Amino acid sequence: MENFSTLIGGIAGDGINEAGITVSRLYSHLGYHIYMYYDYPSLIRGGHNFSLVRASRQEIAAHTDRIDILIALNQETVEKHKSRLKEKSFVIYDADKVKLDDAKHKGCGLTITSILKEAEAPSVMKNSCIIGGYCKVVGIEWSVLEEILKKHIPKKLELNLQVARQGYDQAEGFCRIDRPVDKQDQKPHPLITGNQAVSLGLIKAGLGAYVAYPMTPSSSVLDFMAGNAGHFGLKVVHPENEIAVMLMAQGFAYAGVKAAVGTSGGGFCLMTEGLSLAGMAEMPIVVVMSQRTGPSTGIPTYTAQGDLHFILNAGQGEFPRFIVAPGDAEEAYYWSGVALNLAWKFQVPSFILVDKTISESLYSFNIDLAGELKDQAAQAPLLWNGQQEYKRYHYTDTGVSPLAFPPQKGQVIKANSYVHDESGITTEDARIAREVSNKFCQKGQSLAQDLEAYETVKVFGDKNSKTALICWGSNKGVCLELALKLGLRMIQVLAISPFPEKKLKSALQEVERLFCVECNSTGQLARLAGFYGIQTHGRILKYDGRPFSLEDLESELESYPESELERALA
Amino acid sequence: MNPKDLATTAVNTWCPGCGNFSILNAMRMVLAQLDDEGYPIENVVLVSGIGCHAKIVDYMNVNSFYSIHGRTLPVATALKLANPDLKVICFSGDGDSLAEGLDHLIFAAKRNIDVTLILHDNRVYGLTTGQYTPTSPQGFKGKSTPEGAVEHPMNPLELMLVSGASYIARGYSHGIEQLQKLFKRAILHKGFSFVDVLQVCVSYNNLYESYNKWTYTVEGNDATSFEEAQKIIRSWNYDSSEAAIPLGKFYEIDAPRFDQAFAQHAQHAPNLWERDSKIKELLENFI
């Protein structure tokens with residue numbers, strides 16, 4: 001089979017995310033590519049959670065609305081998701097708890113609650129039991145499940161295996177799908193979330209400290225960094241608020257430790273004061289900014305791309321910044337490393353702009369596809385050569401001043417939030433004020449020049465098509481898959497700042513109909529491109545907190561009124 | 001080292017008679033002394049906030065991070081975590097640390113991070129030309145409170161004591177020798193050290209006369225006793241101008257420090273090549 005979608009749903013506390021990961025691992029072990037979207041409300045127990053696992057022979061990074069199998073741990077899951085079922089789809093459910101109308105044709109009811117009771121197993125093990133039944137139904141051999149449970153279940157393995165086996169055996173005799181799962185020759189890739197990819201990318205490039213205050217959907221970066229601090233010599237700090245976070249990062253930077261921070265919109269609001277300081281004091285810092293539905297508290301556990309212009313303009317005054325919006329796990333890994341290197345090479349704030357979809361979705365991660373960071377020596381920060389007197393803000397042709405970190409015998413290192421002279425002493429002199437601004441502009445130009453060597457705009461699909469989709473961040477996966485299906489050109493903008501104007505214009509050559517696809521209500525990338533004279537003819541926007549599914553985007557495209565389009569073109 | 005070597009070419013813009021001069025001169029003398037005694041000056045990093053006090057870093061030829069209003073301590077905390085060999089000294093104002101950055105002050109004390117904070121406590125906003133601060137007395141007629149401040153002041157030393165600071169002292173800008181003594185001890189102290197300096201603002205809150213009359217130095221106190229420190233600290237609450245004002249070291253204890261917990265990590269920081277193989281190793285767990 002080509003593509004297979006499974007939805008597993010239950011209440012928060014049922015371990016739905018973990019169950020989804022287990023289903024993902026099954027397919028991954030058989031050589032399929034995986035994308036899992038995890039949907040959950042902002043509460044600890046109760047509510048409705050679901051994981052939507054998609055397995056494909058192709059590389060994918062998007063989910064479908066329609067599903068092949070529904071795994072229902074409660075009645076609510078059936079009611080909420082039965083409309084997703086296709087004619088030949090069916091439901092695996094706990095027959096002790098869930099009622100299904102068309103059970104005869106569509107159902108595979110397992111007596112989960114009874115099995116658990118008999119085995120004296122805790123309720124959370126119903127996942128193992130039902131996934132056991134699932135394997136039987138879709139034709140995944142017992143040994144595959146056994147191997148995965150043995151590797152990933154740390155506690156009460158024997159009991160888990162026992163209830164899983166009972167689920168597996170009981171499913172015998174229930175309907176099976178026409179074309180069972182086959183094994184691909186691809187070796188299994190690790191399955192990681194976007195936030196894990198960001199973390200690993202930063203670590204790879206030499207991260208020394210991570211500072212953050214928890215905020216969904218960025219918190220799992222903090223958790224991952226803290227959990228792995230020992231392996232990588234990381235100093236991980238969770239301080240009193242995001243204001244402290246941003247200032248601490250700069251204390252680390254001043255002392256020569258490469259630091260990153262992470263947050264979402266509300267936390268970033270508190271960081272803007274410190275961001276402007278980083279601009280003025282030329283402190284290299286990396287901000288992992290994971291967007292969620294806003295404004296304000298918004299919908300905390302749901303997605304959005306509403307903060308592009310905020311990030312672009314945050315902080316008083318004018319200073320250069322690097323902003324990259326990766327579109328999947330490989331890009332998140334690679335570009336996070338680049339962001340750290342560029343922050344230090346040009347002494348600017350660097351942003352890794354992601355969203356809940358990227359941060360918390362699960363991807364098959366092919367590290368070989370991610371790409372190697374450029375020669376680290378060429379990307380290394382400019383360091384003071386120890387020759388002449390040290391001046392922290394020494395003027396150079398590139399606008400980048402050599403760095404030195406204390407202690408330096410006989411030298412003084414002065415960072416300053418005020419307009420300052422080359423040695424870092426405060427000044428109100430008009431000439432120096434102008435020179436400082438010129439220095440920042442120069443740095444911005446040097447950064448833009450450096451980025452020429454990077455693939456900051458990517459073109460996929462039919463590169464000759466006159467109809468193109470343009471997107472950024474998490475919509476890469478859905479746009480790419482649809483462009484391939486419909487024979488469209490697909491353009492992904494990775495660098496948001498400095499804006500890759502030339503590359504984008506060249507990617508757009510001979511495009512007559514350009515649709516932007518964004519998860520916001522105003523078309524933020526389209527507006528930004530507009531500043532550079534690039535006109536989009538249609539805007540396909542989704543701003544309900546949910547990412548585009550393949551079907552969503554396809555129907556939006558199909559239903560786009562021709563008349564409106566013609567008017568736009570005219 | 002001669003304290004004069006710690007001057008810069010920056011033109012000093014404090015008002016004549018400003019209490020900040022005493023702090024500047026005392027600190028230069030202390031740092032020069034410490035350099036002679038084996039605490040090299042290049043290991044010192046000064047961090048300042050924003051306000052008249054903050055200009056001090058421009059006037060000292062020492063490593064510095066001229067930060068933003070209220071935010072000295074997060075910078076200082078990270079400096080200490082990044083490099084435990086650094087001596088990190090914050091200069092902050094009463095508006096700076098007690099209003100804008102109070103959360104950071106409480107957390108620095110709670111963590112007992114090994115940095116020093118000198119509070120230039122002039123009890124008025126000077127650079128913004130005369131508004132009340134958290135330590136101005138009730139009834140203070142400032143530009144933002146023309147009818148007199150409604151609130152009672154806070155006692156920063158009392159707050160520091162209950163928050164976990166392990167060195168607490170008060171000095172006065174008319175007593176430079178005492179300031180030197182208190183600063184030196186504060187810098188050498190392992191843990192969060194807080195020195196409140198009654199620093200007179202000659203332009204907007206000239207309290208020389210009152211302080212000269214009412215301040216006295218406590219002697220023979222047991223600085224390891226929380227209760228005794230509390231009693232001394234509570235004997236003057238910043239509200240009354242007709243009460244004895246104690247100066248000196250009120251509290252100093254040994255306590256576990258936040259920075260100690262990080263020392264071990266630094267030893268294991270892998271190089272870029274090792275990172276690569278460790279990442280691949282880690283990824284095996286995700287298959």
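Residues numbered from 1 in each chain as written. Chains lettered and ligands numbered in written order. Predicted model: local features only at pLDDT ≥ 70, side-chain atom pairs only at ≥ 80, totals over all residues.

Comments concerning the overall build of chain B
Then step 1. A count of helical and extended segments in chain B gives ten helices and eight strands.
Then step 2. Against the compact-globule benchmark of 19 Å for 287 residues, chain B has a radius of gyration of 20 Å, which places it among compact chains.
Then step 3. Each of the three principal axes of chain B carries a C-alpha extent, and together these read 70 × 40 × 40 Å.
Then step 4. Within chain B, the fraction of its 287 residues that count as buried is 50%.
Then step 5. Pairs at least 24 apart in sequence give 71% of the contacts found in chain B among residues at least 6 apart. (Helix = DSSP H or I, 4+ residues; strand = E, 2+ residues; numbered from the N terminus. Rg over C-alpha atoms; globule rule 2.2 N^0.38 Å. Buried ≥ 20, exposed ≤ 12 C-beta atoms within 10 Å, placed from the backbone. Contact = placed C-beta atoms within 7 Å.)

As for the interface of chain A and chain B
By a widespread convention, an interface's size corresponds to the accessible area lost as its parts come together.
Then step 1. Counting residues at the interface gives 47 residues for chain A and 44 residues for chain B.
Then step 2. For the side of chain A that touches chain B, the elements supplying multiple residues, two or more each, are strand E7 (191–193), helix H8 (194–204), helix H10 (229–232), strand E9 (235–237), helix H11 (242–254), helix H12 (265–281) and strand E15 (414–416) of chain A.
Then step 3. The leading source of residues in the side of chain A that touches chain B is H11(A), at eight residues.
Then step 4. Among the residues forming the side of chain A that touches chain B, the class breakdown is 28 nonpolar, 13 polar and six charged.
Then step 5. Across three bridges, E15(A) lies against strand E2 (residues 64–66) of chain B in parallel orientation. Opposite Asn416(A), over in E2(B), you have Tyr66(B) as the bridge partner. (Nonpolar A, V, L, I, M, F, W, Y, C, P; charged D, E, K, R; others polar. Pairing = 2+ DSSP bridges.)

Brief notes about the environment of Glu389(A)
Residue and element names in this part refer to chain A.
Then step 1. Here Glu 389 lies in the loop between helix H17 (376–379) and E15.
Then step 2. Residue classification places Glu 389 among the exposed positions, given that 9 C-beta atoms sit within 10 Å.
Then step 3. Taking the C-alpha atoms as reference, Glu 389 lies 8.8 Å from Val 412; in sequence the two are 23 residues apart.

Section: the sheet that holds strand E3 (residues 46–56) of chain A
Paired through backbone hydrogen bonds, the strands of a sheet run either parallel or antiparallel to each other.
All names here are of chain A.
Then step 1. Spatial strand order, E6-E5-E4-E1-E3-E2-E14-E7: eight strands in an open sheet with mixed pairing. The sheet is open, and its two edges are formed by strand E6 (107–110) and E7, each paired on a single side. Geometrically, the sheet is characterised by an average inter-axis angle of 15° between neighbouring strands, direction not taken into account.
Then step 2. Pairing geometry for strand E5 (residues 85–94) and E6, over four bridges, is parallel. (Axes fitted to C-alpha atoms, helices over the stretch in contact; angles between N-to-C directions.)

Re the environment of Ser97(B)
Residues and elements named next belong to chain B.
Then step 1. By secondary structure assignment, the location of Ser 97 is in helix H3 (residues 94–100).
Then step 2. Residue classification places Ser 97 among the buried residues on the basis of 32 C-beta atoms within 10 Å.
Then step 3. Sequence separation between Ser 97 and Glu 242 is 145 residues; the distance between their C-alpha atoms is 26 Å.
Then step 4. Aside from chain neighbours lying at most four places away, what touches Ser 97 is Gly 70, Ser 92, Leu 102, Leu 105, Leu 117 and Leu 119.

So, the packing of helix H6 (residues 142–152) of chain A against helix H7 (residues 157–170) of chain A
All names here are of chain A.
Then step 1. One can describe the packing of H6 onto H7 by two numbers: an axis separation of 10 Å at closest approach and a directional angle of 155°. Put simply, H6 runs roughly antiparallel to H7. For the pair H6 and H7, the crossing hand works out as right-handed. Contact residues: H6 offers Trp 142, Leu 145, Glu 146, Leu 149 and Lys 150, while H7 offers Leu 157, Asn 160, Leu 161, Ala 164 and Tyr 168.
Then step 2. By residue class, the composition of the contact of H6 with H7 is seven nonpolar, one polar and two charged. (Parallel < 35°, antiparallel > 145°, perpendicular 65-115°, else oblique. Left-handed = near helix turned anticlockwise from the far one by under 90°.)

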